[in-house]
Amino acid sequence: MNYDRIYDQLMTKAKDRGEILGYFECHHIVPKCMGGTDDVINLVHLTAAEHYLAHLLLVKMQKYKLDHNYI
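Conventions and cut-offs
- The written sequence of each chain sets the order in which its residues are numbered from 1.
- Restriction of local features to residues with pLDDT of at least 70 applies here, the model being predicted, together with a cutoff of 80 or more for giving and counting side-chain atom pairs; totals for whole chains, interfaces and linings are based on all residues.
- Calculated side-chain values reflect all of the structure's heavy atoms, with hydrogen atoms and water omitted.
- Helix numbering and strand numbering both begin at the N terminus, where a helix is a DSSP run of H or I of at least 4 residues and a strand a DSSP run of E of at least 2.
- Only protein chains enter the accessibility calculation, which uses a 1.4 Å probe; a residue whose area is less than 20% of its type maximum is buried, one above 50% is exposed, and one in between is partly exposed.
- Contact definition: two residues touch when any of their heavy atoms are within 4.5 Å.
- Each accessible area is a Shrake-Rupley result for a 1.4 Å probe, and residues are judged covered by the shown protein chains and nothing else.
- On a range of 0 to 100, pLDDT expresses the predictor's confidence in each residue.
- Put simply, a disulfide is two cysteine sulfurs that come within 2.5 Å.
- By convention in these notes, a salt bridge is any Lys or Arg side-chain nitrogen within 4 Å of a carboxyl oxygen on Asp or Glu.

A.B. asks: Whenever I open this one, the overall build of the protein chain confuses me. Can you help?
C.D. replies: From N to C terminus, the protein chain includes 2 helices and 2 strands. Secondary structure elements of the protein chain occur, N-terminal to C-terminal, as α-β-β-α. Seen through its C-alpha atoms, the protein chain measures out along the principal axes to roughly 40 × 25 × 15 Å. Taking all 71 residues of the protein chain together, the buried fraction comes to 27%. For the protein chain, restricting intrachain contacts to residue pairs at least 6 apart in sequence, the fraction spanning at least 24 positions comes to 51%. When the accessible surface of the protein chain is split by element, carbon and sulfur atoms take 60% of a total near 5100 Å².

A.B. asks: What exactly am I supposed to notice about the confidence of the model for the protein chain here?
C.D. replies: A low pLDDT score tells you not to read the predicted coordinates there in detail. Taken as a whole, the protein chain shows an average pLDDT of 93; of its residues, 96% reach a score of 70 or greater. Strand 1 (residues 25–28) holds the highest mean pLDDT among the elements of the protein chain, 98, whereas helix 2 (residues 48–67) holds the lowest, 91.

A.B. asks: Quick question: what am I supposed to make of the state of the cysteines here?
C.D. replies: By the definition in use, this model includes 0 disulfides. Among the cysteines around Cys26, which has no disulfide bond, Cys33 carries the closest sulfur, lying 15 Å off. Relative accessible area serves as the criterion here: at 74%, Cys33 is assigned to the exposed category.

A.B. asks: Please clarify how the pattern of salt bridges should be interpreted in this entry.
C.D. replies: Note on pairing: side chains with opposite charge can pair once their charged atoms come close. Counted by the stated rule, this structure contains 3 salt bridges. The partner of Arg17 in a salt bridge is Glu50, with the nearest N and O atoms 2.7 Å apart. Within this pair, whereas Arg17 is found in helix 1 (residues 3–17), its partner Glu50 is found in helix 2, the two being separated by 33 residues in sequence. The partner of Asp38 in a salt bridge is Lys32, and the shortest N-O contact between them spans 3.1 Å.

Here's what the structure looks like:
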């Protein structure tokens, strides 16, 4: 499964959608632990379910890269 592609699609959807009415969570597109910044361009608003999925995908992406010596 291509976790990078799914993650990119989720981030693109969040950037293109605009404002979320109601509850949302702020997410770093490139996590700070991976060199990301607090710049507005690196932040998106996600629903709680999207935020959970984003972090699940990040873990799977890193595990795949570690298992296949991409890091």
